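Overview (structure and organization)
If you want the building blocks of each chain, they are given just below.
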Amino acid sequence: MSGQANFFDQVTQYFSEAAKFTTYPQGLLEQIRVCNSVYRFDFPLRRAGGEIEVIHAWRVEHSQHKMPVKGGIRFSPDVYEEEVMALAALMTYKCAIVDVPFGGAKGGIKIDPKNYPIDELERITRRYALELTKKHFLGPGIDVPAPDYGTGEREMSWIADTYAALNPGELDALGCVTGKPVTQGGVRGRKEATGRGLYFALREACNEPDEMKRLGLPLGLDGKTIVVQGLGNVGYHAAKFCREGGAILLAIAEREGAIMNPKGLNEDEVFNHRKATGSILNFPGATNIENSAAALELQCDVLLPAALESVLTKENAPRIKAKILLEGANGPTTPEADPIFRQKGMLVIPDIYCNAGGVTVSYFEWLKNLSHVRFGRMQKRHEQANELAMLKAIEAATGRKFTELERASIARGPDEQDLVNSGLEETMIAAFHDLLKTQRETKGIPDLRIAAFVSAIHKVARSYMELGIFP
Ligand code: NAD
């Protein structure tokens, strides 16, 4: 990608720093660090005018210590091999941190989706899925992609459909990809899962008395000011849940510029304004910031980069004023910026933990596809009946009558969305405290990022040792 060092080397730097806090043999650490398979391929696309364009694509499987491997597919003109490798490696560590039983992978196609009509995008995506299937880089027990930057539910449907067509009768075919629309085997809550997970991570951090005291901030999310970069899937949903949780959206930055309003923005209104006018700028009541990147340097409590990697570098790090960095994007911080943030005493909530909500709910979607039943279908009515019986017993014992509204909100039985959200919440809370514990119990670990890498290395190493490959 333009103007940055090799992203995979950056991830390796973090890995090496964390590896110093473990005692595994060098060979085992090297096996965990390297990418197991890197598949680079090209295929032709006949465009509307008849000319042929060669499309460049990748799929990287970083670690096959657990199968299937899992990771998103990115459509971007800036995709390059080491970037896909780095993102695949981050997926391995991410899955380990949140106890999702997959190895890490990532895919990329070097295109700007805005330059192709839908029928061409469909052909590119289907051909990509075909090439992966031919080489055994796609399948519910092999490699399960998901959306990432520049892709969404539509592309995931095309992939699922292509794979199913190539594997007639394969019962679990829908489990070959996650992030599908609900009508195509998707799970409720997947689209917003990364953003919701970011909210849970931030809420948990803001409820940590020692951390908030250290930062000089009041306890809780309520009233904390947030600057969000990128109003795509991750940024939009994270902004929504944080605002609904009491935070103030101070500024939102997009490609064309940024806007700020100290009274708070509403992400939905901003999204609609951008859709209607083609730009985030000139939003009623807000101040324009023409240079989008300048928004990162605003005085705020929380900075939430949710667009691309390497936006926080040694160049702009000294000017960052946020006290908490919540990494929605993958790799938004370069290793040279991290020591500057440490020196400032910032709380960095690292990407490999806090944006793991997407892969967590993708795991739930995959489980749903393999079990062929909607979550909650078997227990909803049963639990509702139990809850109603409990309410009746309380009424009989206390003489208090519940209103219809109370009855409906207490005795409803969980549906799929409730179960997915509660599974995600539990995952994010448990992993946060696991990282905090790792940092506090291992002398010298400088921040939560290195704690997260240490925790991931332990889990992947244990897996290799249990396989009997290493002593
Ligand atoms: P997306 O394509 O939905 O959104 C990205 C947004 O960033 C777009 O609105 C785009 O216009 C904006 N953007 C691009 N360049 C920008 C710039 N220079 N300044 C400001 N805004 C800019 O992508 P997404 O799925 O939201 O992914 C965003 C990041 O989050 C990526 O790093 C991705 O790897 C990571 N991530 C995504 C998921 C997921 O579930 N989608 C999960 C984990 C991590």
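Scroll up a little and you will see the structure.
Residues numbered from 1 in each chain as written. Predicted model: local features only at pLDDT ≥ 70, side-chain atom pairs only at ≥ 80, totals over all residues. Heavy atoms only, no water.

Some words on the overall build of the chain
- Each helix and strand in the chain was counted, giving 16 helices and 12 strands.
- The globule rule puts the C-alpha radius of gyration for 471 residues at 23 Å, and the 23 Å found for the chain is close to it.
- Along the three orthogonal principal directions, the C-alpha set of the chain runs to about 75 × 60 × 55 Å.
- In the chain, which comprises 471 residues, the share counted as buried stands at 57%.
- Sequence separation of 24 or more characterises 68% of the internal contacts of the chain that already satisfy a separation of 6 or more.
- Only carbon and sulfur atoms are counted for the fraction: they give 54% of the accessible area of the chain, which is about 19600 Å². (Helix = DSSP H or I, 4+ residues; strand = E, 2+ residues; numbered from the N terminus. Rg over C-alpha atoms; globule rule 2.2 N^0.38 Å. Buried < 20%, exposed > 50% of the residue type's maximum accessible area, 1.4 Å probe, protein only. Contact = heavy atoms within 4.5 Å. Areas by Shrake-Rupley, 256 points an atom, 1.4 Å probe, with all protein chains shown as cover.)

A word on the site of the ligand
- Surrounding the ligand, one finds 23 residues, the nearest of these being R74, D148, T194, E254 and N330.
- Between the ligand and the protein, one listed contact pairs an oxygen atom with a backbone N or O atom of V234 at 2.9 Å.
- With respect to the ligand, the side chain of R255 contributes an N or O atom lying 2.9 Å from an oxygen atom.
- Protein coverage of the free-state accessible area of the ligand, which is 830 Å², stands at 86%.
- Mapped onto the shell around the ligand, the elements with two or more residues apiece are α8 (233-244) and β7 (248-254).
- In terms of residue class, the shell around the ligand is made up of 7 nonpolar, 10 polar and 6 charged.
- Split by domain, the residues of the shell around the ligand number at least three in each of domain 1 (40-184) and domain 2 (193-354). (Near = heavy atom within 4 Å. Polar contact = N/O pair within 3.5 Å; in protein donor to acceptor, adjacent residues only side chain to side chain. Nonpolar A, V, L, I, M, F, W, Y, C, P; charged D, E, K, R; others polar. Domains from an automatic or database assignment.)

Brief notes about the packing of helix α1 (residues 7-19) against helix α2 (residues 26-33)
- It is the contact of α1 with α2, at a shortest axis distance of 11 Å, that shows an interaxial angle of 150 degrees. With respect to the hand of their crossing, α1 and α2 are arranged in right-handed fashion. Two secondary-structure elements touch here, α1 through F8, T12, F15 and A19 and α2 through L29, I32 and R33.
- Of the residues that constitute the contact of α1 with α2, the class distribution is 5 nonpolar, 1 polar and 1 charged. (Axes fitted to C-alpha atoms, helices over the stretch in contact; angles between N-to-C directions. Left-handed = near helix turned anticlockwise from the far one by under 90°.)

Focus: the sheet that holds strand β1 (residues 37-46)
- Pairing within the open sheet is mixed, and its 5 strands lie in the order β1-β2-β4-β3-β5. At either end of the open sheet lies a strand with only one pairing partner, and these are β1 and β5 (143-147). Mean inter-strand twist for the sheet, computed between neighbouring axes without regard to direction, equals 20 degrees.
- Here β1 pairs with strand β2 (residues 52-61) via 10 bridges, running antiparallel. In the sheet register, D42 faces β2, and the bridge partner there is H56. (Pairing = 2+ DSSP bridges.)

A closer look at empty space enclosed by the protein
- All told, the structure shown has 1 cavity of 30 Å³ or more when counted by the stated rule.
- Along its surface, the largest cavity is lined by F7, Q10, V11, Y14, L90, E327, G331, P332, T333, D351, R449 and F453.
- When contributions to the lining of the largest cavity are tallied by element, the ones reaching two or more residues are α1 and α16 (448-466).
- The element contributing the most residues to the lining of the largest cavity is α1, with 4 residues.
- For the lining of the largest cavity, the per-class residue count stands at 6 nonpolar, 3 polar and 3 charged. (1 Å grid on protein atoms, 1.4 Å probe; cavity = no way out; pocket = protein on both sides within 12 Å on 5 of 7 lines; lining within 4 Å. Points joined across faces, edges and corners; volume = space filled by probe spheres on them.)

Topic: the packing of aromatic side chains
- Scanning all chains against the criterion turns up 14 aromatic pairs.
- Geometrically, the ring pair formed by Y39 and F137 is tilted, given 5.1 Å between the ring centres and 35 degrees between the ring planes. Pair noted here: Y39 is in strand β1 and F137 is in the loop between α4 (118-134) and β5, with a separation of 98 residues, a long-range link. Comparing Y39 with F137 shows no difference in burial state: the two are buried.
- In this structure an aromatic cluster arises from ring pairing among Y39, F41, F43, Y128 and F137. (Phe/Tyr/Trp six-rings, centres within 6.5 Å; stacked < 30°, edge-to-face > 60°.)

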